[in-house]
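Letter by letter, the chains look like this.
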Amino acid sequence: MAAACWCRCRGSDYRTWNMSIDEVPSNNTAGSCSSGVGPFTVQGPDGNLGAEEAGRASSLTLNYRKKLRAPICVKLTVFICLAVMVASGVPELVLWKKVHQQLVGQIEHRLMVLSTLRQEQLQDYLLSEADKTQLIAIRIVISNYLNNVSTGNKTLAKLDLQMAISVISDFMNAAVYDSKGHLVLETEENVFQPRIEEASINTVVQEIPNLQYPVETSNGWMYTLSRGIHKGQKLIGQLMVSVNATKLVSLVYDRTGLQETGELLVGIPDGPDKIRLLLPAMQKPNVIVLPYKGAMAKAINGESGILKERNYRGARVIAAYRPAGFLHWGALASLGLAKAFTSPIIELGKAAFALGQGDMRTRVKKGSSCFHDEFSNLKDAFNGMAHRIASHQYILEHEVSERTSDLAHAHDGLAREVEERKRIELELEKAKDIAMAADRSKSEFLANMSHEIRTPLNAIINFTELCLDTQITQEQQEHLEYVQFAAQHLLRLITDILDFNKIAAGKLEMEEIQFSLYEQLEQSLSVLAARAWKSGLELCCDIHADVPDQLLGDPGRLLQIFVNLVGNGIKFTKKGEVIVSVTVNSKSADDVELLFAVKDSGLGIPQTKQSLLFQAFSQVDSSTQRLYGGTGLGLAISSKLAAAMGGRMWVESEGVEGLGSTFSFTGRFKLFPSNSSMNFLMFKGVRALVVDDNSTGLRILTDLLKSWNIIADGVMTTEAAKSALELGESSGHKYNVVLLDMWLGGVEALDLVEYIRARPDLLQKYASDAEVNTLYPVEPDSDLALPSAHCLSQQCSSKSTPDRLRYGPNLKVEIYTKDNVSSAIIMLTSVNHMESSRCKELGLPFHTSKPIRRSLLNRVLRSALGFEDKMSHDEGKTSKESKKLNKRLHVLIAEDNPVNQRVAIKLLHKWGHTTVLAVDGAEAVERSAKEEFDIILMDVQMPVCDGFEATAKIREYERSHNRKITPIVAMTAHAMMGDGEYCIAAGMDYYISKPLNAKKLQDLLQYVATSSLRVYSASPSHKNSMSMW
């Protein structure tokens, strides 16, 4: 074999060597290429070559042999690599196989448990529905009607069927067919067929009901249950019920524990070679028929187990099958074999990708807690991680957003802050100026309004009072009283408006002066007593014994509250009583908190309206047809006044007429040492009988007398009073005095008065311990015991003792006769003057009006019990004082209004004083310089020179000429906050508001006449001496 080889030499030409392979010696060393080596010769074109060329040919031969060996090495390397891979992969393959078997085993176990649970749920549901149809099929009314359709009551049977269906939530409609297949009863028309085949009835001969396949309708999935109705062993009809299949569909289509690849199938045999599905396959809804083979066939045949097979889609699945437990049904739960492993991983991958893209709400779906496996653990861990990442992301974004927002707001705020502050400052200045101007305007308006209204009211009220003191007819007196009442009502209205303005402005000032609580309450009731009497109401005041009398506070404001509350009680009460009560709420060494209550028996206040009572301008009935007038300010002001006294006000009412309402409020006052002039020890041992047909008034008066050491009994009728008097006489405990209400049960108490006059021996005159000791002195060593006043009043002597007491001849106790027994009767009258005149006609010297005033009752009792000497002494002293108080005064009146001039002059002349008139302030200064006056009444608002300027000039004149300081009393119709301070600064001593109150003005003049009125110069200390009359 010959080969040709071309070789490029260093020279410029190429030579060709021809060599025979056979000529190459076998022992030639591979790779040898030395010149002249080897037994062969190399022949060039020109003949034999040299040794150099021969060596190069040898080298080429060796390289050719190396290329022949290379494929063998590659093959060997590949073989070794494959061997190594196979050797190392066998254990991994075995491990994978074992893991695969474990996972498959877990899936099989899960499917088995799942199929068991679903089979039990399905069986319970179907048997429950079957039992419900049985309960309807055995109803007697329906059975009786089917047994005799021609004569039965169809309406009753239909109603019974409807009632049976209505109590079962899943049953929608029902129908009953007779044994021939005719429709005889139905709950709703046009729902069931009017006739069914008899063959259909024969299918329900057995006790097991027949279930038709569920059908999806516009109202959801529905199916029909059929059951036979028997009478004994005889089939008399068929019940057919339309059932809502929502629960059944949810049981079959529930994928809990089956992931996305699993499903539950319920099969029913349909011939020898087909299986009909109860519901269409979930993954392929058009599949409703399966061949009679595989796991479903085993389940229908009553077998249970696990089988790997291909499903109706050709996919390999693991199927757990078992009988459904209802008829010959079968249940099969399957899970895709491949996707059982890949589906959770793919789902996790998709969720991780979405999470990475920024969707922090991404989570993987978890299966039921009943089927917890490694994938579930992995999903829980992934969801926990996603939740933490989302939380951190949210916190981070929130913080960044907040910081960014804060920076933006700070930047914008700093940019606007200077301008905003400047704008606000300007607005505040403007608002302040506007508010101050509005406040000044309002104050000026109220002051002017008060002045303009009070000026004519001054004339109306005082001239009316002057007219009432003259000789007029009864009709004229009635008309004038109406005028006076209307004017006073208008004055109260103005006062309420001014008080409300003061409260709203926070300028309400409370005085702190000493006053008598008892007198203040009695005065407030006496003011309203006439209104109560005209309304036929009983007005009572119940002050508990532990309530202190002398207090420090504002009596005027307390009187204002009581006048308002009691006035409302009288206004809204048609019949019955209005009761004022005072009790101690709490007490310390320095102060006391009192609880005041005003209870009436009137209309009552509904619960829904009670919240409006203490609001300004609010009323329970604000309609134009309301029966009772008013502004709605009274309770609002009273509530604020109670708060200013350190308390509060509230109402209690059931809203029922007759039960009325109770207005209560508390107030805190400082205690003041009491120095009451009433001597209650003199009444010790006195026995008194109180006769009053009002139980509340009777109780209050009886308790009051007992607190004065009087032994008091109370009765409500004339007959009871007679019995009490006779009992006292027979038992030796005669009464000393009788307090008798003038009207008992609507009838004048004249009968009881005549009875006492006819039997004066029923009463016993009272003798004090001092009188006993004076008339019958006893030696210190004597054993003879003197009778006490109590014993005398109790007739301690025996019946055998004559009129003269057995304690001694010197002691004589007078007895009552028919002529003087009337002095032992104290008549309780109303405020009506006619009743006082009636008492004089009846010959009753002692009477007192209701509601009872303690001071007046004390004086009347002392007179009735025979303390004439002491009373005469007191009256003499009072007479002297009255003469002293009746001193004539020389008064300068500075008033520009003609009506007010005439009112003041008339009142002062009526009281016997002399007057000089000045029509303005300048004239008042001129007249006070020419002559001296006892007092100057100075109007505040006058032309030319007002009252303040005139007072300043008068005070300056008095200082410069060393004249006696003349008391100056300001007369103002403003009655606004600050009037007192202006008067003080001008050098005035007191001020009195218009309309002039005649009683207050007269008291003021009496103080001047007795020099009890201190006169102050216009000094700084003068501020604390200012008083208002």
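Calculation criteria
- Numbers given to residues run from 1 along each chain, matching the order in which its sequence is written.
- Confidence filtering applies because this is a predicted model: local features only for residues at pLDDT of at least 70, side-chain atom pairs given and counted only at 80 or more, and all residues used for totals across whole chains, interfaces and linings.
- Based on all heavy atoms of the structure, the side-chain values leave hydrogens and waters out of the count.
- UniProt positions are given in the numbering used here, feature names are shortened, and annotations may be inferred rather than shown by experiment.
- Think of it this way: any DSSP run of H or I at least four residues long counts as a helix, any run of E at least two long counts as a strand, and we number them from the N terminus.
- Each residue is assigned to one of three classes by its accessible area relative to the maximum for its type, calculated with a 1.4 Å probe on protein chains only: buried under 20%, partly exposed between the two thresholds, exposed over 50%.
- Residue contacts are counted whenever heavy atoms from the two residues lie within 4.5 Å of one another.
- Accessible areas in this description were obtained via Shrake-Rupley with a 1.4 Å probe; residue shielding takes into account the shown protein chains only.
- Paired strands are those between which DSSP finds at least two bridges.
- A pairing counts as a salt bridge when a side-chain nitrogen of Lys or Arg comes within 4 Å of a carboxyl oxygen of Asp or Glu.
- Each axis is a line fitted through C-alpha atoms, and for a helix only the stretch in contact is used; angles between axes span 0 to 180 degrees, taken between their N-to-C directions.
- The scheme is simple: roughly parallel for angles under 35 degrees, roughly antiparallel for over 145, roughly perpendicular for 65 to 115, oblique for anything else.
- With the far helix as reference, a near helix turned anticlockwise by less than a right angle produces a left-handed crossing, and one turned clockwise produces a right-handed crossing.
- Following the grouping adopted for this structure description, the nonpolar residues are Ala, Val, Leu, Ile, Met, Phe, Trp, Tyr, Cys and Pro, the charged ones are Asp, Glu, Lys and Arg, and the polar ones are all others, Gly among them.
- Picture the helix axis, draw a direction to every C-beta atom, and the arc is the one those directions span.
- pLDDT measures the predictor's confidence residue by residue and takes values from 0 up to 100.
- In protein, a polar contact means a hydrogen-donor-capable atom and an acceptor-capable atom, both N or O and within 3.5 Å, with residues adjacent in sequence counting only if both atoms are side-chain atoms; elsewhere, any N or O pair within 3.5 Å suffices.
- Between the rings of Phe, Tyr and Trp (Trp by its six-membered ring), a pair exists once the centres lie within 6.5 Å; its type follows the angle of the planes, with under 30 degrees stacked, over 60 edge-to-face, and the other angles tilted.
- The rule is short: NZ of Lys or CZ of Arg within 6 Å of the ring centre and within 35 degrees of the ring normal puts a charge over the ring.
- Patch construction takes residues with relative accessible area above 30% that form no salt bridge. Like charges are linked within 9 Å, and nonpolar side chains (Val, Leu, Ile, Met, Phe, Trp, Tyr) are linked within 5 Å.
- Any pair of cysteine sulfurs within 2.5 Å is marked as a disulfide.

In the annotation of an unreviewed UniProt entry, the protein chain is listed under the name histidine kinase and assigned to Ceratopteris richardii. Recorded in UniProt under Catalytic activity (unreviewed entry), the annotation for the protein chain is "ATP + protein L-histidine = ADP + protein N-phospho-L-histidine."

Account for the overall build of the protein chain, with residues named and values stated.
Along the backbone of the protein chain there are 25 helices and 36 strands. Buried residues in the protein chain amount to 42% of all 1029 residues. Look at the contacts in the protein chain between residues 6 or more apart in sequence, and 64% of them connect residues 24 or more apart. In the form shown here, the protein chain has an accessible surface area of approximately 56,400 Å², with 55% of it arising from carbon and sulfur atoms.

Explain the pairing of strand 10 (residues 234-244) to me, using residue names and the numbers behind them.
The side chains of a regular strand alternate between both faces of the sheet. Burial analysis of strand 10 places nine of its eleven residues in the buried class, which makes it a mostly covered element. Where strand 9 (residues 220-231) and strand 10 come together, ten bridges link them in antiparallel fashion. The residue of strand 10 that forms the bridge with Tyr223 is Val243. Here strand 9 hands over to strand 10 after two residues, with Gly232 in that stretch at a positive phi of 75°.

Give me unusual backbone geometry: which residues, what numbers.
That bond from Lys850 to Pro851 is cis: its omega, 0°, falls within 30 degrees of zero. Position of Pro851 among the secondary structure elements: in the loop between strand 30 (846-849) and helix 19 (854-864). Positive phi values are uncommon outside glycine, yet Val944 reaches one of about 65°. Here Val944 is to be found in the loop between strand 33 (935-939) and helix 23 (947-960). Positive phi values are uncommon outside glycine, yet Asn962 reaches one of about 55°. Structurally, Asn962 is set in the loop between helix 23 and strand 34 (968-972).

Any details on the pattern of salt bridges? Residues and values, ideally.
A full pass over the atoms with the stated rule returns 30 salt bridges. The closest approach of N and O atoms between Glu417 and Arg421, which form a salt bridge, is 2.5 Å. Within this pair, Glu417 and its partner Arg421 are both found in helix 8 (residues 374-468), separated by four residues, close to a single helical turn. We note a salt bridge from Lys722 to Asp751, for which the minimum N-O separation is 3.3 Å. Placement of Lys722 in helix 14 (residues 718-731) and of Asp751 in helix 15 (residues 750-758) is noted, with a sequence separation of 29 residues between them. A relative accessible area of 14% places Lys722 in the buried class. Asp751 sits in the partly exposed class, given a relative accessible area of 44%. Within this structure, Glu538, Asp692, Asp741 and Lys850 form a network of salt bridges that share partners.

Hey, could you go over the pairing of strand 25 (residues 711-715) for me, with residue numbers and the actual values?
Judged from the five bridges that link them, strand 24 (residues 687-691) and strand 25 form a sheet pairing that is parallel. Of the residues in strand 25, the one forming a bridge with Leu689 is Asp713.

Quick one: what's the story with the packing of helix 14 against helix 15, residue by residue and with numbers?
Viewed as axis vectors pointing N to C, helix 14 and helix 15 meet at an angle of 20°, and their least axial separation amounts to 10 Å. With respect to helix 15, the axis of helix 14 lies roughly parallel. Viewed along their axes, helix 14 and helix 15 form a crossing whose handedness is right-handed. Residues Thr718, Ala721, Lys722, Leu725 and Glu726 of helix 14 form the contact with helix 15, whose own contacting residues are Asp751, Leu752, Tyr755 and Ile756. Considered class by class, the residues forming the contact of helix 14 with helix 15 number five nonpolar, one polar and three charged.

Describe in detail helix 22 (residues 921-930), supporting the description with residues and values.
Listing the buried residues of helix 22 in full gives Gly921, Ala924, Val925 and Ser928. Across the axial projection of helix 22, the buried residues extend over an arc of 100°, all falling on one side. Of the surrounding secondary structure, the elements contacted by the buried residues of helix 22 are strand 31 (890-894), strand 32 (914-918), strand 33 and helix 23.

Describe the confidence of the model for the protein chain, with residues and values.
Residues at a pLDDT of 70 or more form 73% of the protein chain, whose mean pLDDT is 76. Note that pLDDT drops below 50 for residues 622-629; the model gives that stretch nine contacts with residues more than four away or on any other chain. Within the model, pLDDT remains below 50 along residues 1014-1028, and this stretch shows 31 contacts once partners closer than five positions in the same chain are excluded.

Describe the sheet that holds strand 26 (residues 737-741), with residues and values.
Pairing is parallel across the open sheet formed by five strands, whose spatial order is 25-24-26-29-30. Every interior strand has two partners, whereas the edge strands, strand 25 and strand 30, have only one. Taking the axes of each pair of neighbouring strands and ignoring which way they run, one obtains an average angle of 20° across the sheet. In this structure, strand 29 (residues 825-829) lies alongside strand 30, joined through four bridges in parallel fashion. In the strand pairing of strand 30, Leu828 is matched with Thr848. Each of strand 26, strand 29 and strand 30 is contacted by helix 19, which is oriented at about 170° to strand 30, the strand it contacts most.

Give a detailed account of the environment of Arg421, specifying residues and quantitative values.
Judged by its relative accessible area of 52%, Arg421 falls in the exposed class. At 2.5 Å, the side chain of Arg421 forms a polar contact with the side chain of Glu417.

Account for the packing of aromatic side chains, naming residues and giving values.
Note on aromatic pairs: each is described by the distance of the centres and the angle between the planes. Summed over the entire model, instances satisfying the criterion amount to six aromatic pairs. A connected cluster of aromatic rings, assembled from ring pairs, spans Phe515, Phe562, Phe596, Phe665 and Phe669. In this arrangement the basic side chain of Arg276 is found over the ring face of Tyr213, its NZ or CZ atom lying 4.0 Å from the centre. The ring centre of Tyr755 lies 5.0 Å from the NZ or CZ of Lys722, which sits over that ring.

How would you sum up helix 12 (residues 634-644)? Please name residues and give values.
Counted residue by residue, helix 12 has eight buried out of eleven residues, so it is predominantly covered. Regarding helix 12, the residues found buried are Gly634, Leu635, Ala636, Ile637, Ser638, Ser639, Leu641 and Ala642. Positive backbone phi, at 85°, marks Gly646, one or two positions downstream of helix 12.

Hey, could you go over a nonpolar patch on the surface for me, with residue numbers and the actual values?
A cluster of nonpolar side chains, namely Leu76, Phe79 and Ile80, defines an oily patch on the protein surface of about 330 Å² accessible area. Inspection of the secondary structure assignment puts Ile80 in helix 1 (residues 51-137).

Before we move on, can you summarise the environment of Tyr957 with the specific residues and values?
With respect to the secondary-structure elements, Tyr957 resides in helix 23. Judged by its relative accessible area of 27%, Tyr957 is partly exposed. Once the C-alpha coordinates of Tyr957 and Ser928 are considered, the two residues, 29 residues apart in sequence, prove to be 9.3 Å apart. Here Tyr957 is in contact with Ala929 and Arg963, once residues within four sequence places are set aside.

Account for the packing of helix 11 (residues 555-571) against helix 12, with residues named and values stated.
Between helix 11 and helix 12, whose axes approach to 10 Å, the crossing angle comes to 140°. Between helix 11 and helix 12 the crossing geometry is left-handed. Contact with helix 11, carried on its side by Arg557, Gln560, Ile561, Asn564, Leu565 and Asn568, involves Gly634, Leu635, Ile637, Ser638, Leu641 and Ala642 of helix 12 and no other residues of that element. Tallied by class, residues from the contact of helix 11 with helix 12 come to six nonpolar, five polar and one charged.

Tell me about the environment of Leu457, and name the residues and values.
Its location among the elements puts Leu457 in helix 8. Overall, Leu457 belongs to the buried group, its relative accessible area being 3%. Separated by 539 residues in the primary sequence, Leu457 and Leu996 have C-alpha atoms spaced 9.2 Å apart. What Leu457 contacts, discounting residues up to four positions off in sequence, is Ala487, Leu490, Leu491, Ile494 and Pro995.

I'd like a rundown of the side chain of Ser661, residues and numbers included.
Within the fold, Ser661 resides in strand 23 (residues 661-671). Dropping the residues within four chain positions of it, Ser661 is found in contact with Val598, Lys599, Asp600, Gly604, Ile605, Val651, Glu652 and Ser653.

Would you mind going over the state of the cysteines in detail, with residue names and values included?
In the structure shown here, the tally under the stated rule is zero disulfides. With no disulfide partner, Cys540 has as its closest neighbouring cysteine sulfur the one in Cys541, 8.9 Å distant. Owing to a relative accessible area of 5%, Cys540 belongs among the buried residues under this scheme.

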